[in-house]
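Here's the letter readout for the chains.
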Amino acid sequence: MAPKVLYTTRISPAGRAVEITAKILGLELDIKFVDLAKREHLTEEFLKMNPLHTIPVIIDEDVPLYDSHAIIIYLVSKYAKDDKLYPKDLVTQARINAMLHLESGVLFSRIRGLLSPVVYLGCAELPQDKVDGIYDAYNLVEGSLQSDFLVGNTLTLADISCCTSLCLLNTVFPVDAGKCPKLIAYLKRLEQVVPDYHEFNTVRAEEAYTFFKLKLEENKKKSAASQ
């Protein structure tokens, strides 16, 4: 089987969710890193693959697919040997889908809302309401953890998708164990069951955090110099 081509970045939570899913399924990926700073996601070639100009994009049998949530459901539906990651039971699927929407609409959205102004707009301060929003997101996940995992007692696509954003958020703004004990236990549990968790999540979250800190300090110096 020819490898699927994945367009992503090392630190993209969405891209890492696709990489983790492919790893579990035993799929080979030909990874091509997109330089967002050079606007490679806005080239004519990239826009033909994904008119929304987002990452990740995967090419499977010459067909481009985009949005990490759509991609991981597609990969599991087509290549998984069983339905453990995305059970055929419609109620379970609906619950997993709800968590995928939580990841895109809350977790990743709040990452982007906080980090993008620093990375792309030169902001030198972190708005407190954005920071508060991240801790509110932790509370939402804490309340959603009614079992060992987000949906039931085994790993599903809900966990694979959410864990990448949660790891990055926790690296930048650590979860308070006193307020969210179930979330802390959940993150530790994921370290044991997600393949190559350290590389996919811990290492790359640290890379993202280092990049973010350097950019924030650079912005602060520029702001101070202009005053």
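Criteria and thresholds
Residues numbered from 1 in each chain as written. Predicted model: local features only at pLDDT ≥ 70, side-chain atom pairs only at ≥ 80, totals over all residues. Heavy atoms only, no water. Pairing = 2+ DSSP bridges. Helix = DSSP H or I, 4+ residues; strand = E, 2+ residues; numbered from the N terminus. Axes fitted to C-alpha atoms, helices over the stretch in contact; angles between N-to-C directions. Contact = heavy atoms within 4.5 Å. Expected span 1.5 Å × (residues − 1). Buried < 20%, exposed > 50% of the residue type's maximum accessible area, 1.4 Å probe, protein only. Polar contact = N/O pair within 3.5 Å; in protein donor to acceptor, adjacent residues only side chain to side chain. 1 Å grid on protein atoms, 1.4 Å probe; cavity = no way out; pocket = protein on both sides within 12 Å on 5 of 7 lines; lining within 4 Å. Points joined across faces, edges and corners; volume = space filled by probe spheres on them. Nonpolar A, V, L, I, M, F, W, Y, C, P; charged D, E, K, R; others polar.

Undergrad: When you look at the sheet that holds strand 2 (residues 29–33) in this model, what are you seeing that I'm missing?
TA: The strands that make up a sheet pair up through hydrogen bonds in the backbone, lying either parallel or antiparallel. With mixed pairing, the 4 strands of this open sheet are ordered in space as 2-1-3-4. Every other strand in the sheet has two partners, leaving strand 2 and strand 4 (63–66) as the edge strands with one partner each. Each strand axis lies, on average, 20° off the axis of its neighbour in the sheet, ignoring direction. Bridge count between strand 1 (residues 4–8) and strand 2: 5 bridges; the pairing is parallel. When the sheet's bridge partners are listed, Thr8 is paired in strand 2 with Phe33. Seen against the sheet, helix 1 (residues 13–25) touches strand 1, strand 2 and strand 3 (57–60) and runs at an angle of roughly 155° to strand 1.

Undergrad: Is there a simple way to think about helix 6 (residues 157–172) in this case?
TA: Every α-helix carries 3.6 residues per turn, so stepping three or four residues along brings you back to the same face. Between its first and last C-alpha, helix 6 extends 24 Å over 16 residues, near the 22 Å set by a 1.5 Å rise per residue. Most of helix 6 sits inside the fold, with 15 of its 16 residues counted as buried.

Undergrad: Would you explain the side chain of Thr171 in this entry?
TA: Note on placement: Thr171 falls in helix 6. Within the structure, the side chain of Thr171 is placed 2.8 Å from the backbone oxygen of Cys167, a separation counted as a polar contact.

Undergrad: Would you mind showing me how to read the layout of surface pockets here?
TA: One simple way to see leftover space: roll a probe sized like a water molecule over the atoms. For the largest pocket, the calculated volume is near 1200 Å³. Along the walls of the largest pocket sit 38 residues, with Ser12, Leu36, Ile55, Phe108 and Tyr120 positioned nearest its centre. Those elements that provide at least two residues to the lining of the largest pocket are helix 1, helix 3 (68–79), helix 4 (90–121) and helix 8 (197–226). In terms of residue count, the dominant contributor to the lining of the largest pocket is helix 4 (9 residues). Looking at the lining of the largest pocket residue by residue, the class counts come to 21 nonpolar, 9 polar and 8 charged. Taken as a whole, the second largest pocket holds about 180 Å³ of empty space. Taken together, Cys167, Asn170, Thr171, Ile184, Leu187, Lys188, Glu191, Tyr197, Thr202 and Glu206 form the lining of the second largest pocket. Within the residue set of the lining of the second largest pocket, elements represented by two or more residues are helix 6, helix 7 (181–193) and helix 8. Per element, the largest residue contribution to the lining of the second largest pocket is 4 residues, and it comes from helix 7. For the lining of the second largest pocket, the residue count by class is 4 nonpolar, 3 polar and 3 charged.

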